[in-house]
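# Structural features, examined
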Amino acid sequence: MDGMVLGLYLFATFIGGLVSGLAGFALGLVVSGIWLHIITPLQAAILMAGYGIFTQGYGIWKLRQALSWRKAAPFIVGSALGVPVGTTLLTVINPAHLRTVVGLLLVVYSVYGLVKPVIKPMQSGTSVNVGVGFLNGLLGGLTGLAGVIIAVWCQLQGWPKDTQRTIIQPALFAALSMSTLALIVAGALLRGLAGQVRRDERRHCPRYDRCVVMTPEDEALLKRVVPEARTAVLPAGLPVEE
């Protein structure tokens, strides 16, 4: 990281930690607006989940006598089912599309927080809460933003803020822990896959008369891995016939 990028990273981290301390969640919502422009989505998701464990762990310790693990249990179970799905999507989704989705989520949640619409309290059963937990875990595995969906859902239940926090924090801590583990495994798998691709390139590319790439940047990357490779830049859409 250069100085400006590091400064932005630390600024976003500080503001995210401050908001998380005040609200009990939302670190990921705050930092993602900057982080997703300076680091990869996988790195951002791992860092958001990892930092979230630290901040939520402190909050849980402070509120340990008041936490409602029984009410949080359906959300935790659902998150355990959703996290692997979200992590799998993260390894294949286009980073630009992910930034757009997270940006829209930030806008929608900000508008919701400012407007604070008066909604008749909703009643839900265990199965519905498990489904909400699944969506929360999916979002957490995909972006590291575990807790947003549960927080909104608890608000829609009409519960007092203190009650909401005793449910959100344990559910969020559990979802972040599972997301961190899943994201670390996904990162290790991706590194292993990238290593296998590089080994295949070193083995096969020197055998060919030409290795076709789509951009000069791709050519430079290939040359870095296989200096002896003979390359030809062929932008997408151009005919390959002689």
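Before reading on, note that the structure itself is shown above.
The structure reproduced in this document is the subject of the present report.

Thresholds applied
- Residues numbered from 1 in each chain as written.
- Predicted model: local features only at pLDDT ≥ 70, side-chain atom pairs only at ≥ 80, totals over all residues.
- Heavy atoms only, no water.
- Helix = DSSP H or I, 4+ residues; strand = E, 2+ residues; numbered from the N terminus.
- Buried < 20%, exposed > 50% of the residue type's maximum accessible area, 1.4 Å probe, protein only.
- Contact = heavy atoms within 4.5 Å.
- Core = buried A, V, L, I, M, F, W, Y, C linked by side-chain atoms within 4.5 Å.
- Axes fitted to C-alpha atoms, helices over the stretch in contact; angles between N-to-C directions.
- Nonpolar A, V, L, I, M, F, W, Y, C, P; charged D, E, K, R; others polar.
- Patch = residues over 30% accessible without salt bridge, like charges linked within 9 Å, V, L, I, M, F, W, Y side chains within 5 Å.
- Areas by Shrake-Rupley, 256 points an atom, 1.4 Å probe, with all protein chains shown as cover.
- Salt bridge = Lys/Arg side-chain N within 4 Å of Asp/Glu carboxyl O.
- Left-handed = near helix turned anticlockwise from the far one by under 90°.
- Disulfide = S-S within 2.5 Å.
- Phe/Tyr/Trp six-rings, centres within 6.5 Å; stacked < 30°, edge-to-face > 60°.
- Lys NZ or Arg CZ within 6 Å of the ring centre and 35° of its normal.

Let's shift gears to the overall build of the protein. What the protein contains, in helices and strands, is nine helices and two strands. Put simply, the protein runs from its N terminus to its C terminus through helices and strands in the order α-α-α-α-α-α-α-α-β-α-β. C-alpha extents for the protein along the principal axes are approximately 70 × 40 × 35 Å. Sorting the 242 residues of the protein into buried and exposed places 36% on the buried side. Counting contacts in the protein only where the partners sit at least 6 residues apart, residues at least 24 apart contribute 67% of the total.

Our next topic: the nonpolar core. Counting residues in each nonpolar core, the largest one holds 26 residues, and the members touching the most others are W35, L90 and L145. Elements supplying a minimum of two residues to this core: α1 (3–23), α2 (27–38), α3 (41–62), α5 (95–115), α6 (126–143) and α8 (161–204). What L90 contacts, discounting residues up to four positions off in sequence, is P41, L42, A45, L98, G141, L142 and L183.

Taken N-terminus to C-terminus, the directions of α6 and helix α7 (residues 148–156) make an angle of 145 degrees; their axes are 7 Å apart at the nearest point. Residues V128, N129, V132, L135, N136 and L139 of α6 lie in contact with α7, whose contacting residues are V148, I149, I150 and W153. Considering only residue class, the contact of α6 with α7 consists of eight nonpolar, two polar and no charged.

Here we come to a nonpolar patch on the surface. A cluster of nonpolar side chains, V107, V111, L114 and V115, forms an exposed patch at the surface whose accessible area comes to about 410 Å². As for its position among the elements, V115 is in helix α5.

Moving on: the packing of helix α4 (residues 69–90) against α6. Where α4 contacts α6, the axes come no closer than 5 Å and their chain directions differ by 35 degrees. α6 is crossed by α4, and the crossing has right-handed handedness. Along the contact surface, α4 presents P74, F75, G78, S79, L81, G82, V83, V85, G86, T87, L89 and L90, while α6 presents T126, N129, V130, V132, G133, F134, N136, G137, L138, G141 and L142. Looking at side-chain class alone, the contact of α4 with α6 contains 12 nonpolar, 11 polar and no charged residues.

Going through the model one piece at a time under the given rule, you end up with zero disulfides. With no disulfide of its own, C205 has C211 as its nearest cysteine by sulfur position, at a separation of 3.8 Å.

Another point: the packing of aromatic side chains. Taken as a whole, this structure holds one aromatic pair when the rule is applied. Over the aromatic face of W159 sits the side chain of K71, whose NZ or CZ is 5.9 Å from the ring centroid.

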